[in-house]
Protein chains: 2
Amino acid sequence: MAKAPGLYAPVLRDSIADLYRDPPIGQRLTVEGWIRTRRTTRAVSFAELQDGSTLRALQVVLPHDKIPRDQIEADLHTGAGVQVWGQLVETPDRPQPFELAAEGYRLYGPADPASYPLQKKQHSLEFLREIAYLRPRTRTFQAVFRLRSGVSFAIHQYFQERGFVYVHTPILTPSDCEGAGQLFQVTTLPLGAVPRRADGTVAFEEDFFGRPAYLTVSGQLEGEMLAMGLGRIYTFGPTFRAEPSHTPRHLAEFWMIEPEMAFYDLERTMDLAEDFLKYLIRYALRNHYEELAFLTERYEPNLLAELESTKESAFLRLSYTEAIEILTRS
Amino acid sequence: MAKAPGLYAPVLRDSIADLYRDPPIGQRLTVEGWIRTRRTTRAVSFAELQDGSTLRALQVVLPHDKIPRDQIEADLHTGAGVQVWGQLVETPDRPQPFELAAEGYRLYGPADPASYPLQKKQHSLEFLREIAYLRPRTRTFQAVFRLRSGVSFAIHQYFQERGFVYVHTPILTPSDCEGAGQLFQVTTLPLGAVPRRADGTVAFEEDFFGRPAYLTVSGQLEGEMLAMGLGRIYTFGPTFRAEPSHTPRHLAEFWMIEPEMAFYDLERTMDLAEDFLKYLIRYALRNHYEELAFLTERYEPNLLAELESTKESAFLRLSYTEAIEILTRS
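About the criteria used
Residues numbered from 1 in each chain as written. Chains lettered and ligands numbered in written order. Predicted model: local features only at pLDDT ≥ 70, side-chain atom pairs only at ≥ 80, totals over all residues. Heavy atoms only, no water. Core = buried A, V, L, I, M, F, W, Y, C linked by side-chain atoms within 4.5 Å. Buried < 20%, exposed > 50% of the residue type's maximum accessible area, 1.4 Å probe, protein only. Helix = DSSP H or I, 4+ residues; strand = E, 2+ residues; numbered from the N terminus. Contact = heavy atoms within 4.5 Å. Phe/Tyr/Trp six-rings, centres within 6.5 Å; stacked < 30°, edge-to-face > 60°. Salt bridge = Lys/Arg side-chain N within 4 Å of Asp/Glu carboxyl O. Polar contact = N/O pair within 3.5 Å; in protein donor to acceptor, adjacent residues only side chain to side chain. Nonpolar A, V, L, I, M, F, W, Y, C, P; charged D, E, K, R; others polar. Pairing = 2+ DSSP bridges. Least-squares fit on C-alpha atoms with pLDDT ≥ 70 in both. Axes fitted to C-alpha atoms, helices over the stretch in contact; angles between N-to-C directions. Parallel < 35°, antiparallel > 145°, perpendicular 65-115°, else oblique. Left-handed = near helix turned anticlockwise from the far one by under 90°. Domains from an automatic or database assignment. Buried area = accessible area lost by both parts, 1.4 Å probe.

### Quick word on the nonpolar core
Moving on, step 1. Counting 34 residues, the largest nonpolar core has Phe159 and Phe164 of chain A together with Phe159 and Phe164 of chain B as its most contacted members.
Moving on, step 2. Secondary-structure elements contributing two or more residues to this core are helix H4 (139-161), strand S11 (232-240), strand S12 (253-261) and helix H6 (266-287) of chain A together with helix H4 (139-161), strand S11 (232-240), strand S12 (253-261) and helix H6 (266-287) of chain B.
Moving on, step 3. In this view, Phe159 of chain B contacts Phe164, Tyr234, Ile257, Pro259 and Phe276 of chain B; residues no more than four positions away in its chain are not counted.

So, in structure tokens, the structure goes:
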């Protein structure tokens, strides 16, 4: 954190999440973030400060005898970016375990309450889509982004701990991969004036690579080749499918994981897949319980229970024939 | 590893790298990999087995009284994929610390010595480019890929440990970013028959997204927006530049890291950049010394020394004006 002006040896903290992990009660410190809400009484104002490091806010108490009330009412609106300094004090008789007794603040970026679109109430996802640049300040998007970040890291950690080599397979490619999906073409030819050869075909020799190029639909070809030398590899990168189904299950752009292992038989491959999924669930429950609990409460009532039960269950394994039989019977 | 047939309780090992880390001397075990070289004397054959987990090979000794010499000479050529089982024994009077006293092997994939292109001698990078599918079996490519994998993981670990959120910013985009580079266009329109509107312009409403789309040249726009809610974020993903300079310094496709931090001033940003680079160097030296030593010996005599000195040096910081003065004076 930046040093607060005129403060003797402020305790520099990295984030509100750090305060909740290990509260330095009684110490003077400086925090930076955005005002979530503010409420002003006669003698003091209460502001909830968020900084994106946790879904929880820091309660900041601003006494009007130290900081003029009219200044607070002019500055500290929902969305304002501020630096605040003061002392962290325990609050055993309040819902939150501690609060910051503010001694001063600096306004970095004001927010006009007449036009700032986010308010304390819960907004619909449709409304938030209209203000995409502000969505990251909502708890919904913070929960989703932090969970995705944590699980992405867990994917790397799982494979790295097991000797898999992370490889970046080409995304621009001249080849289709097993016809896995429809391809996007990548070109620098002007679409309004595509150059032609004498026989009328497209003059791809004038394109960037001198021949047709596409976005990959899979790193499998390169991944298998690399596994035949490095033993075990994985990819984790963006993949593109030009399928004309515009549904949440058919994305044009998504991130995909492709492990490839030399000398693995089917049994060992299934073991890996099951162990991998359970590892990710355990990682998420251990490190992102706050986010999962929020999403459970707000969106998916069974989310936590399903994750808990999946990580404890042995996955059923059956043959293709058995699966078809179950499907035709159902 | 797969269980060896007819072997009592083989010690299952994950890789040759594991054997070197913690050699289970005296135990019976099974390994799988590819023959790097084989040499046959009257009573025994010696094979070097590699599995991609380390630049080092496992010395395998095959006694002809247990495994017929003519079978070994027919099967075990450079490049053959095999499973070998036996006992790990110490070899205090040989260059390598231990070897596998083989009791049997299974040939997974033969390699015809008349046509298999990789041999023990050092091949030129130009030759290896012609057999790209076999390059991952060379120590040069194994060193480069494992180093890149390790440093990629270190990039994630550095930011995750410091509360940065890993975000996947869009790669398909309708927008340019600060004119950072020339764009690739992404389309599903047939280049040989681009549809036109009545006024002769391209009918982008028939393209996949209903309007022109490009490959991103930077995630900065989305990254800054996300940092204004999540506090600290980083991207690490592929980026595309359609610059017509075909040099090693102007790649059309490369992976880029973009951290974005709210409330960081210039000093703190420079601190982060310097600390980040030194962290990556320390990580590489600690976890990939084998690969760095190989690349130093084979390609860049100053590599290790430069990394060691960089991680110990304070980075010089100077203003743009000072930098220009130094350049004009030099």
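### What to know about the packing of aromatic side chains
Moving on, step 1. What the rule picks out here adds up to 32 aromatic pairs over all chains.
Moving on, step 2. Residues Phe263 of chain A and Tyr108 of chain B carry aromatic rings whose centres are separated by 5.5 Å and whose planes lie at 35 degrees to one another, so their mutual orientation is tilted. Of this pair, Phe263 of chain A sits in the loop between S12 and H6 while Tyr108 of chain B sits in strand S6 (residues 98-109), each in a different chain.
Moving on, step 3. Classification of Phe263 of chain A by relative accessible area gives partly exposed; the value is 21%.
Moving on, step 4. Assessed through its relative accessible area of 36%, Tyr108 of chain B is described here as partly exposed.

### Observations concerning the side chain of Ser152 of chain A
Moving on, step 1. Checked against the element boundaries, Ser152 of chain A lands in helix H4.
Moving on, step 2. Relative accessible area serves as the criterion here: at 3%, Ser152 of chain A is assigned to the buried category.
Moving on, step 3. Ser152 of chain A has contacts with Phe236 of chain A together with Tyr166 and His168 of chain B, leaving out every residue within four places of it along the chain.

### Observations regarding the pattern of salt bridges
Residue and element names in this part refer to chain B.
Moving on, step 1. For the coordinates displayed, the defined rule picks out 30 salt bridges over all chains.
Moving on, step 2. The residue Arg162 makes a salt bridge to Glu161 at a minimum N-O spacing of 3.3 Å.
Moving on, step 3. On the basis of relative accessibility, which here comes to 29%, the residue Arg162 falls in the partly exposed class.
Moving on, step 4. For Arg317, the salt bridge goes to Glu274, with nearest N and O atoms at 3.1 Å. Pair noted here: Arg317 is in the loop between helix H8 (303-312) and helix H9 (320-329) and Glu274 is in helix H6, with a separation of 43 residues, a long-range link.
Moving on, step 5. With relative accessibility at 30%, the residue Arg317 sits in the partly exposed group.

### Structural notes on the interface of chain B and chain A
Interfaces are often sized by the accessible area lost when the parts come together.
Moving on, step 1. Taken together, the contact between chain B and chain A spans 76 residues of the former and 76 residues of the latter.
Moving on, step 2. Run the count over chain B and chain A and you get zero salt bridges.
Moving on, step 3. The interface formed by chain B and chain A holds 19 residue pairs in polar contact (both at pLDDT 80 or more) in total.
Moving on, step 4. When residues of the side of chain B that touches chain A are assigned to their parent elements, the largest contribution, 11 residues, is made by H4 of chain B.
Moving on, step 5. Residues that form the side of chain B that touches chain A fall into these classes: 43 nonpolar, 21 polar and 12 charged.
Moving on, step 6. Two elements, strand S9 (residues 185-187) of chain A and strand S9 (residues 185-187) of chain B, share three bridges in a ladder whose sense is antiparallel. Bridging across to S9 of chain B, Gln185 of chain A finds its partner in Thr187 of chain B.

### Some points on the relation of the copies chain B and chain A
Moving on, step 1. Mapping chain B onto chain A leaves a residual RMSD of 0.0 Å; the transformation is a rotation of 180 degrees accompanied by 0.0 Å of translation along its axis. Both copies are brought into coincidence by an operation consistent with a two-fold rotation axis. Residue Val186 of chain B of chain B places its C-alpha closer to the rotation axis than any other residue of that unit, at 2.4 Å.
Moving on, step 2. Comparing contact sets, 100% of the residues at the interface of chain B also lie at the interface in chain A, consistent with an isologous, same-surface contact.

### Re the packing of H4 of chain A against helix H7 (residues 289-298) of chain A
The description of two helices packed together rests on the angle between their axes and the distance between the axes.
Residue and element names in this part refer to chain A.
Moving on, step 1. At a minimum axis separation of 9 Å, H4 and H7 run at an interaxial angle of 135 degrees. Judged by the angle between their axes, H4 and H7 are oblique. Remark: the crossing between H4 and H7 carries left-handed chirality. Contacts between H4 and H7 involve Arg139, Thr140, Ala143, Val144, Arg146 and Leu147 on the former and, on the latter, Glu290, Glu291, Leu292, Phe294, Leu295 and Arg298.
Moving on, step 2. Looking at the contact of H4 with H7, its residues break down into six nonpolar, one polar and five charged.

### Details of the domain arrangement of chain A
Residue and element names in this part refer to chain A.
Moving on, step 1. Entries for chain A in the domain assignment read domain 1 (2-109) and domain 2 (138-329).
Moving on, step 2. Here domain 1 and domain 2 have C-alpha centroids that lie 42 Å from each other.
Moving on, step 3. Counting from both sides, the interface comprises seven residues of domain 1 and, opposite them, seven residues of domain 2.
Moving on, step 4. Taking both sides of the interface into account, the surface hidden between domain 1 and domain 2 amounts to around 580 Å²; carbon and sulfur atoms contribute 47%.
Moving on, step 5. When the buried area of domain 1 at its contact with domain 2 is split by residue, Arg36, Gly52 and Leu55 rank highest and sum to 73% of it.
Moving on, step 6. Inspection of the region where domain 1 meets domain 2 yields one salt bridge.
Moving on, step 7. For Arg56, the salt bridge goes to Glu290, with nearest N and O atoms at 3.5 Å.
Moving on, step 8. The tally of links from domain 1 across to domain 2 stands at three residue pairs in polar contact (both at pLDDT 80 or more).
Moving on, step 9. Of the residues that constitute the side of domain 1 that touches domain 2, the class distribution is one nonpolar, four polar and two charged.

### What about the sheet that holds S11 of chain A?
All names here are of chain A.
Moving on, step 1. Spatial strand order, S7-S11-S12: three strands in an open sheet with mixed pairing. The two strands at the open ends of the sheet, each matched to only one other strand, are strand S7 (165-166) and S12.
Moving on, step 2. As defined by bridge partners, S11 adjoins S12 across nine bridges and the pair is classed as antiparallel. Paired with Gly237 across the two strands is Met256, which belongs to S12.

### Details of the pairing of strand S2 (residues 28-40) of chain A
Residues and elements named next belong to chain A.
Moving on, step 1. Relative to strand S5 (residues 81-90), S2 is paired through seven bridges, and the arrangement is antiparallel. Each bridged residue has a counterpart across the sheet, and for Gly33 the counterpart in S5 is Val82.
Moving on, step 2. If you look at the hairpin formed by S2 and strand S3 (residues 44-50), you'll find three residues sitting between the two strands.

### Structural notes on the environment of Ala262 of chain A
Moving on, step 1. Tracing the backbone shows Ala262 of chain A in the loop between S12 and H6.
Moving on, step 2. Sequence separation between Ala262 of chain A and Ile67 of chain A is 195 residues; the distance between their C-alpha atoms is 67 Å.
Moving on, step 3. Excluding residues that lie within four positions of it along the chain, Ala262 of chain A makes contacts with Ala227, Met228 and Gly231 of chain A together with Trp34 of chain B.

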